[in-house]
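Close look at the chain arrangement
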Amino acid sequence: MEQDVIIINEADNVAVARRDIPAGEEVALPTGGSLTAAADIPRGHKVALVAIADGGRVIKYGECIGVAGADIGPGDWVHTHNIEAADKP
Amino acid sequence: MRSFKGYPRPDGKVGARNHVVVLPTVSCANGVAGAIARQVEGVVPLYHGHGCGRGGRDLELHFRALAGLLANPNVAAALLVGLGCEVMKARFLADTAEAGGKPVEHFEIQEAGGSRRAAQKGAAIARSLLETASACERVEASPQDLLLGLKCGGSDSLSGVTANPLVGEVADRVVAAGGTTVLTESTEMIGTSHILERRASDPEVAARVKEMIEAADRRTHEIMGPMASLVIAPGNLEGGMSSIQEKSLGCIAKAGTSPVMQVVDYAETPAAGGLVLMDGPGYDTESMTGLAAAGVQVMMFTTGRGNPIGYPVVPVIKIASNTPLFRTMEDDMDVDAEAALDGASLTGAGDALEELLLRVLEGEQTKAELNGQDGIICLYSTHSSF
């Protein structure tokens, strides 16, 4: 069965879209359960699995790839508009 | 990981192929090397654009790279064709190669009396080397004999998500079985120094990791100036990469999660088993030479946009990060990582790639080999020629 999103590391708080996911669509998670896309998520881009508060660490590959520059909700598109470079990753 | 059958070499290494190569020691000898290769079916010409007009660090890099190619266990025997007046003398390279115990012959075009006589002389030598090499038979070898090169090129937003973690899974298995994996392209590690330092086997290795990545960052800024920030390029941003850390993490995912045992210079042969980092450029054809010269018998090369290149003496397994690419360039791609991971765990998909690796080690031709993707050899240089 084809997955809609890929979670690379179990510690990650973002997943990667396998296809373009339109806002409002519910996608099944490989770990069970589901998530509703809060915005359009282009293929290859990140979607938040959980809420990440402003200043919180965005985790992919089990590592910090930046910090949230705004409150991010589950299902939100996560990219340069709401991630800032981490000074001390 | 099971044992495999490979060609035993006098220095104790084991080859996945049994090539006889004709190496011009300077670009001026490419024509004669080509004439020999056209006359003698089965020999592999190693064309390159160097061997003279360089000094200092570049001479050291080029000598080590060419000597390393000759020492690669996939090479059974070698004929070196020199011109005569070049800096990179055939006899110096031959001495180094002979130290490994392989059959190595060399001569110079000026001494042989010009191109035609040289080609004739070379063809006779090449035939005799082929005959010698054909007597070599595969024997049982252990995964400890394996060096696997890790490479990506023409990456896309899924490279770091599908293909690279899949390669990382198999790379970790090679290391667990006592083998060696080599990750290069230090420019692609910028932003992940703290992570790779943490994975270093001891503080000395950690210091070398830091030093290598800082130097890569400095070089990138020296060469590209304000454009250096485009190491994360517009295409990366469009593809969903939000930071340099994210992009580089995707790249180093090819090396799995094993500890970093050693840091080596470009084209240097690793001393330790386990994961080794090699300093070197991200430019594909130059970094592949670094890996081949280090002695890898096979490379795994992931690509998202579709890069068809192979390497003259080293089989290159091409791993597509996405199904559309695999379908578009099926003649060039060995594995569809996106499909492989569908409904399969990383472990399951890793089983299939591990088996393919072993089959390639034992002689199965990769797509790049079948397509004759073995063009000119590119060598990393730090300065222009004079």
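Because the structure is predicted, anything quoted here is derived from the model rather than measured.

Quick notes on the overall build of chain B
- In terms of regular secondary structure, chain B is built from 15 helices and 14 strands.
- Here the C-alpha radius of gyration of chain B, 20 Å, is about what a compact globule of 386 residues would show, namely 21 Å.
- Judged by the C-alpha coordinates and their principal axes, chain B covers about 60 × 45 × 45 Å.
- Within chain B, counting contacts between residues at least 6 apart in sequence, those at least 24 apart form 73% of the total.

Description of the overall build of chain A
- A count of helices and strands for chain A gives zero helices and nine strands.
- Listed N to C, the secondary structure of chain A is β-β-β-β-β-β-β-β-β in terms of helices and strands.
- Whereas a compact globule of 89 residues would reach a radius of gyration of roughly 12 Å, chain A reaches 12 Å, a difference of no more than 12%.
- Burial statistics for chain A: of 89 residues in total, 42% are counted as buried.

Thoughts on the packing of helix 2 (residues 56-71) of chain B against helix 3 (residues 90-99) of chain B
All names here are of chain B.
- Interaxial distance between helix 2 and helix 3 falls to 9 Å at its minimum, and their mutual angle equals 40°. Between helix 2 and helix 3, the crossing angle belongs to the class labelled oblique. Helix-helix and strand crossings are classified by hand; for helix 2 and helix 3 the assignment is right-handed. Counted together, Leu66, Ala67, Leu70 and Ala71 of helix 2 and Leu93, Thr96 and Ala97 of helix 3 form the full contact between these two elements.
- The residue inventory of the contact of helix 2 with helix 3, partitioned by class, reads six nonpolar, one polar and no charged.

Quick look at the sheet that holds strand 7 (residues 63-68) of chain A
- In space, the three strands of this open sheet follow the order 6-7-9 (chain A), with antiparallel pairing throughout. Single-partner strands in this sheet number two, and they are strand 6 (57-60) and strand 9 (83-84) of chain A.
- Strand direction decides the pairing type here: strand 6 of chain A and strand 7 of chain A, joined by four bridges, are antiparallel. Across the sheet, the residue bridging to Arg57 of chain A is Val67 of chain A, located in strand 7 of chain A.
- Packing against the sheet, helix 10 (residues 244-252) of chain B makes contact with strand 6 and strand 7 of chain A, and its axis sits at approximately 160° to strand 7 of chain A.

A word on helix 14 (residues 346-361) of chain B
Residues and elements named next belong to chain B.
- Given a rise of 1.5 Å per residue, 16 residues ought to cover 22 Å, and the 22 Å separating the end C-alpha atoms of helix 14 matches this to within 8%.
- Those residues of helix 14 that fall on the buried side of the exposure criterion are Ala349, Gly350, Leu353, Leu357, Val360 and Leu361. On an axial view of helix 14, the arc spanned by its buried residues comes to 115°, and they lie on one face. When the buried face of helix 14 is taken as reference, the exposed residues oriented beyond 90 degrees from it are Thr347 and Gly348.
- On the buried face of helix 14, the contacting elements are strand 1 (4-8), helix 6 (159-176), strand 12 (298-303), strand 13 (316-320), strand 14 (335-336) and helix 13 (337-340).

Points about unusual backbone geometry
- The backbone of Tyr61 of chain A sits at a positive phi, close to 60°, despite the residue not being glycine.
- Looking at the secondary structure, you find Tyr61 of chain A in the loop between strand 6 and strand 7.
- Unusually for a residue other than glycine, Glu185 of chain B sits at a positive phi of about 65°.
- On the secondary structure map, Glu185 of chain B appears in the loop between strand 9 (180-183) and helix 7 (193-198).
- Under the C-beta neighbour-count criterion, Glu185 of chain B is labelled buried, with 27 such atoms within 10 Å.

Things to note about the pairing of strand 11 (residues 274-278) of chain B
Residues and elements named next belong to chain B.
- Of all five residues in strand 11, four are buried, a share of seventy percent or more.
- When strand 9 meets strand 11, the two strands line up parallel, connected through four bridges. Bridge assignment links Thr180 to a residue of strand 11, and that residue is Gly274.
- The pairing of strand 10 (residues 260-264) with strand 11 spans four bridges and is parallel. What sits directly across from Val263, in strand 11, is Leu277.

Structural notes on the packing of helix 1 (residues 30-39) of chain B against helix 5 (residues 115-134) of chain B
All names here are of chain B.
- Interaxial distance between helix 1 and helix 5 falls to 8 Å at its minimum, and their mutual angle equals 50°. By the angle class used here, helix 1 and helix 5 are oblique. Along this stretch, helix 1 crosses helix 5, giving a crossing that reads as right-handed. On the side of helix 1, the interface is formed by Gly31, Val32, Ala35, Ile36 and Gln39, while helix 5 contributes Ser115, Ala118, Ala119, Gly122, Ala123 and Ala126.

Concerning the nonpolar core
- By size, the foremost hydrophobic cluster in this structure holds 148 residues, and its most contacted members are Val47 of chain A together with Val22, Ile36 and Met299 of chain B.
- The residue makeup of this core includes at least three contributed by each of domain 1 (19-134) and domain 2 (142-370) of chain B.

Rules of the game
- Residues numbered from 1 in each chain as written.
- Chains lettered and ligands numbered in written order.
- Predicted model: local features only at pLDDT ≥ 70, side-chain atom pairs only at ≥ 80, totals over all residues.
- Helix = DSSP H or I, 4+ residues; strand = E, 2+ residues; numbered from the N terminus.
- Rg over C-alpha atoms; globule rule 2.2 N^0.38 Å.
- Contact = placed C-beta atoms within 7 Å.
- Buried ≥ 20, exposed ≤ 12 C-beta atoms within 10 Å, placed from the backbone.
- Axes fitted to C-alpha atoms, helices over the stretch in contact; angles between N-to-C directions.
- Parallel < 35°, antiparallel > 145°, perpendicular 65-115°, else oblique.
- Left-handed = near helix turned anticlockwise from the far one by under 90°.
- Nonpolar A, V, L, I, M, F, W, Y, C, P; charged D, E, K, R; others polar.
- Pairing = 2+ DSSP bridges.
- Expected span 1.5 Å × (residues − 1).
- Arc of directions from axis to C-beta.
- Core = buried A, V, L, I, M, F, W, Y, C linked by C-beta atoms within 7 Å.
- Domains from an automatic or database assignment.

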